[in-house]
Amino acid sequence: MDQYAALRANVGLLGTELGETLRQHLGDAVLQRVEQIRQLSKEARQGDSQQAEQLRQVLTALTDDELLPVARAFAQFLNLANLAEQHFSVSQAGRHSIEKPEPLAELFQRLKESTLQKHDISQAVRDLSIELVLTAHPTEVARRTLIHKLSEIATCLAQLEQQQTPWQQQQLKLRLTELISQAWHTNEIREQRPTPVDEAKSGFAVIESSLWQAVPDFLRELDADLNKALGEGLPLDAAPIRFSSWMGGDRDGNPFVTAKVTRQVLLLSRWKAADLFIRDLDLLSTELSMNSGSAALLAASEQASEPYRAVLNKLRQQLIYTRDWLTEALKHDRLQRPAELIWQNQQLLEPLLLCYQSLVSSGMQSIARGRLTDTLRRAYAFGLTLLKLDVRQDAGRHAQVFAELTRYLGLGDYGAWTESDRQAFLLRELANKRPLFPKSWQPSAEVQEVLDTCDIVARHGSEALSTYVISMAGKPSDVLAVQLLLKEAGISFAMPVAPLFETLSDLQNAPDCMRQLLSIDWYRGYINGRQEVMIGYSDSAKDAGVLAAAWAQYSAQEALVQLSNEYGVKLTLFHGRGGTIGRGGGPAHAAILSQPPGSLAGGLRVTEQGEMIRFKFGLPELAVRSLALYASAVLEGMLLPPPVPKASWRELMSQLAADSCEAYRAVVRHNKDFVPYFRAATPEQELGKLPLGSRPAKRNPTGGVESLRAIPWIFAWSQNRLMLPAWLGAGNALAKAVADNHAATLDEMQQQWPFFATRLSMLEMVFLKADTDVSAYYDKVLVPAELQALGAQLRQQLAADRELLLKLIHSDRLMAKESWIRESIMLRNTYVDPLHILQVELLKRARQQPDTVNDQSNRALMVTIAGIAAGMRNSG
């Protein structure tokens, strides 16, 4: 039986509905044209070179009026196919086809059969601490309004699979037609870039539409699996997974994130939390109509005849008052906060716990463990601030504050001081009781912005804020400078300050930098036994290539774990992964299990960003599964850690890293044709026009590749399917190792070391998504003749690397063991191919005759970029 039949049926159903929408609104001629293109694309994919040529002829001959509707048709179809796939992965039909359908139940079964003590397993569950940090990095192409329609379509698909009467079936099909028509008539590309506040609202929308339901559902599942395995459930206050955000707090290279924006996002976050808890209390108040309760509850309700309702309604009124005040506060810069607001999480928890304990003591456990438990678990997971906000700023901006200040005070120029002079100054001031900043000092606007941000942080407290992240950190003074800035702002809590080590050299120096910090008495006293360090994936890969970056990340983590053990400090590693392979992305489960042993002891923090937030958490059932995958992987990493690598593996891995870095940089840094080739062969320059995120695409508008942000760098290469950053250098290094007679060691590493096995499986996925024919077509049409040799050389390298990988993994085809991923990529290719040809045609017209480009063709180009990104998923 075809295990993917249900998926194909849904893809077919959605495709038919989309076709019907096209026929109704654009006429039969356009629908026939789209259908002709689809058929040619399908046959071309099956190897028919005549049809491939005809496909190109049909697409390049489209008139200006036809370009946009055809591009939109294929882009919309990819959105619908992705949705069908998401739905399939959580449907009954799909459970047998995907990897680890019940990750927690499966893990607990293995733990039960292991030699581990029951006590150790339950302790690990109690210690489980995962923080998912939502970031708005500009890879989410779809607008919020379109995402809402897609989730409604998913609901229809789920209902269609249930037993329905013919009348109900007909009504659901009508609803499906309506939603697809709504999506078609909605502009899928934003007119303007989103503001940082818009991005934050997208984060709140994911919580409201999906995670609000998914978190208690996931905890019920974990509770049930734990009970089954160990005979004990989860404590009521368990919050193994919490959420934070960078949206509105990440000012690194984003001039639009100001102190004012951060304040607004913090208040909006509270507004949304109050609003969601008010809805929960409405429901609870309707249901908890019981009249008997504990003495404490009766006293709190002032002896009301329905004591639960009385207590919950009072809390609800206070939350409404708080929400109303927040509405006003959002309109004014400063507003005095009344004492009677519900502001601390304890104020929310106390009345809820009072009701819970009263129900349990009055013999109504089943009621206590119903919806009230769900609300309590939301209160522990989200609290009154919904998402804790991280603040991120570049180390150079903090140094600038002290450079201006020391010059003003006549102490010299902090910017020109040695590292030891900087540390001495900062430590002296950290220990000093008097204020450092004079009232008369008038700093520059840039410095004032840093000071205003610290002021906002100090005002909003530890429930609203999570970590202060310092990008481009490399020295102990980078961390001490932030601590002094926060002290001067009057902060009342010890906010975690995390250096972010992102380039190859920063990662290599990270252990030395942290050793210097931990050897400072004042610093150890301040951190109180807890340290957070952020590991950068994007910039290290852009700097050195994926293989060298991965080994530097692994080695840094290993050394930091050892160092924290030496100093008796609990270390939390914060992984700055992107959604894409070239930025450390890929299947989260495998990635977590490939970390060094001991690296999960202090919990896990990891970024979730852009379109990956939607792919993992966009539907409640999908979010439950994603949370279960995270929890099972972290528990497994804690209880059944991977082996410590053998000396021979380390030696070979170090050699592979050095060779791959050299091969990568030989192309990216040292080949004079590389930058002009990159700009010609990809839509890199045109990407800047796409209103994706609030952040500029470059740190320095006039710089080359090094100044490009990691996202447009990856995004551009996935558009032409060369996927270069996700593989370049790795194959050269592996080929050299084979030539040097290390094939047996490579085989052993692949069999026994999850870190290395994961690297190879990431390459497999990249090679399956890369397409040399598509890349060659971009070159043929867009790249000047004198630069085409480089493209040909890179494609030869890609083909050789692919052949070598197949030998190393002993397989005759890529992703043979991952039929689900393979199927999913193949399914989308038919619809992505026409978008590539259209994109090339539009780029050619825009570059050769810029005067003739109108709004229609500009928008069509943006649609092809968005459509290809949807088709590439974690490589877009």
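It should be noted that the structure appears before, not after, this text.
Before going into details, it helps to say that this report is about the structure given with it. This structure is a prediction, so every number in the text was calculated from the model and none was measured.

What counts as what
Numbering of residues starts from 1 in each chain and follows the order in which that chain's sequence is written. Side-chain atom pairs in this predicted model are given and counted only at pLDDT of 80 or more, local residue features only at pLDDT of at least 70, and totals for whole chains, interfaces and linings cover all residues. Heavy atoms from the whole structure form the basis of all side-chain values; hydrogens and water molecules are not counted. We define a salt bridge as a contact between a side-chain nitrogen of Lys or Arg and a carboxyl oxygen of Asp or Glu at a distance within 4 Å. Each helix is a run of DSSP H or I of at least 4 residues and each strand a run of E of at least 2, with the numbering of both proceeding from the N terminus. Exposure categories follow from relative accessible area, calculated using a 1.4 Å probe and restricted to protein chains: below 20% of the type maximum is buried, above 50% is exposed, and the middle band is partly exposed. We define a polar contact as two N or O atoms separated by no more than 3.5 Å, with the added condition that, inside protein, one atom must be a possible hydrogen donor and the other a possible acceptor, whereas residues neighbouring each other in sequence contribute only through side-chain atom pairs. Each patch is built from salt-bridge-free residues with over 30% relative accessible area, joining like charges within 9 Å and nonpolar side chains (Val, Leu, Ile, Met, Phe, Trp, Tyr) within 5 Å. Each accessible area is a Shrake-Rupley estimate made with a 1.4 Å probe; only the visible protein chains count as cover when residues are assessed. To get an axis, fit a line to the C-alpha atoms, keeping to the stretch in contact for a helix; angles then go from 0 to 180 degrees between the N-to-C directions. Every angle not falling under 35 degrees, over 145, or within 65 to 115 is termed oblique; those three ranges are roughly parallel, roughly antiparallel and roughly perpendicular. Contacts: residue pairs with any heavy atoms within 4.5 Å of one another. Classes in brief: Ala, Val, Leu, Ile, Met, Phe, Trp, Tyr, Cys and Pro nonpolar; Asp, Glu, Lys and Arg charged; the others, Gly included, polar. In short, DSSP must find at least two bridges between two strands for them to pair. Whenever a pair of cysteine sulfur atoms sits within 2.5 Å, that pair is classed as a disulfide.

Notes on the pattern of salt bridges
Thinking step 1. Following the criterion strictly, the structure yields 46 salt bridges and no others.
Thinking step 2. Its salt-bridge partner being Glu 131, residue Arg 605 comes within 3.1 Å of it at the nearest N-O pair. Residue Arg 605 is located in strand β8 (residues 604-609), and its partner Glu 131 is located in strand β1 (residues 130-135); the two are separated by 474 residues in the primary sequence. Assigned by exposure class, Arg 605 and Glu 131 land together as buried.
Thinking step 3. One salt bridge in this structure joins Asp 275 and Arg 323, with 2.6 Å as the shortest N-O distance. Within this pair, whereas Asp 275 is found in helix α10 (residues 259-287), its partner Arg 323 is found in helix α12 (residues 307-329), the two being separated by 48 residues in sequence.
Thinking step 4. In this structure Asp 275 comes out as buried when scored by relative accessible area, which is 10%.
Thinking step 5. Owing to a relative accessible area of 18%, Arg 323 belongs among the buried residues under this scheme.
Thinking step 6. One salt-bridge network, in which partners are shared between bridges, spans Glu 208, Lys 272, Asp 275, Arg 279 and Arg 323.

Focus: helix α33 (residues 772-782)
Thinking step 1. What α33 keeps buried is the set Val 774, Ser 775, Tyr 777, Tyr 778, Asp 779 and Leu 782.
Thinking step 2. A side-chain oxygen of the first residue of α33 lies 3.0 Å from the backbone nitrogen of Asp 773; this N-cap is Asp 771.

A short note on a nonpolar patch on the surface
Thinking step 1. Where nonpolar side chains cluster on the molecular surface, the patch consists of Tyr 408, Leu 409 and Leu 411 and spans about 270 Å² of accessible area.
Thinking step 2. Position of Tyr 408 among the secondary structure elements: in helix α15 (residues 395-408).
Thinking step 3. Taking relative accessible area as the criterion, Tyr 408 reaches 40% and is therefore assigned partly exposed.

Side note on the packing of helix α5 (residues 103-113) against helix α25 (residues 620-639)
Thinking step 1. Relative orientation of the contacting elements α5 and α25 amounts to 20°, with a least axis distance of 8 Å. On the basis of their axis angle, the class for α5 and α25 is roughly parallel. Listed contacts from α25 to Pro 103, Leu 104, Leu 107, Phe 108, Arg 110 and Leu 111 of α5 are Arg 625, Ala 628, Leu 629, Ala 631, Ser 632, Leu 635, Glu 636 and Leu 639.
Thinking step 2. Grouping the constituent residues of the contact of α5 with α25 by class yields ten nonpolar, one polar and three charged.

Considerations on the sheet that holds strand β6 (residues 530-536)
Thinking step 1. Here we have eight strands rolled up into a closed barrel, ordered β1-β2-β3-β4-β5-β6-β7-β8, and parallel in their pairing. Going from strand to strand, the sheet's axes swing by 25° on average, the running direction of each strand aside.
Thinking step 2. Two elements, strand β2 (residues 241-245) and strand β3 (residues 388-394), share two bridges in a ladder whose sense is parallel. Along β3, the bridge assignment pairs Ser 244 with Lys 388.

Points about unusual backbone geometry
Thinking step 1. Positive phi is not limited to glycine here, since Gln 303 has a value of about 60°.
Thinking step 2. Relative to the elements of secondary structure, Gln 303 occurs in the loop between α11 (295-300) and α12.
Thinking step 3. Gln 303 gets classed as exposed once you look at its relative accessible area, which sits at 57%.

A short note on the state of the cysteines
Thinking step 1. Per the counting criterion, the structure on display carries zero disulfides.
Thinking step 2. For Cys 454, which is in no disulfide, the shortest distance to another cysteine sulfur is to Cys 513 and amounts to 19 Å.
Thinking step 3. Looking at Cys 454, the relative accessible area reads 1%, which means it is buried.

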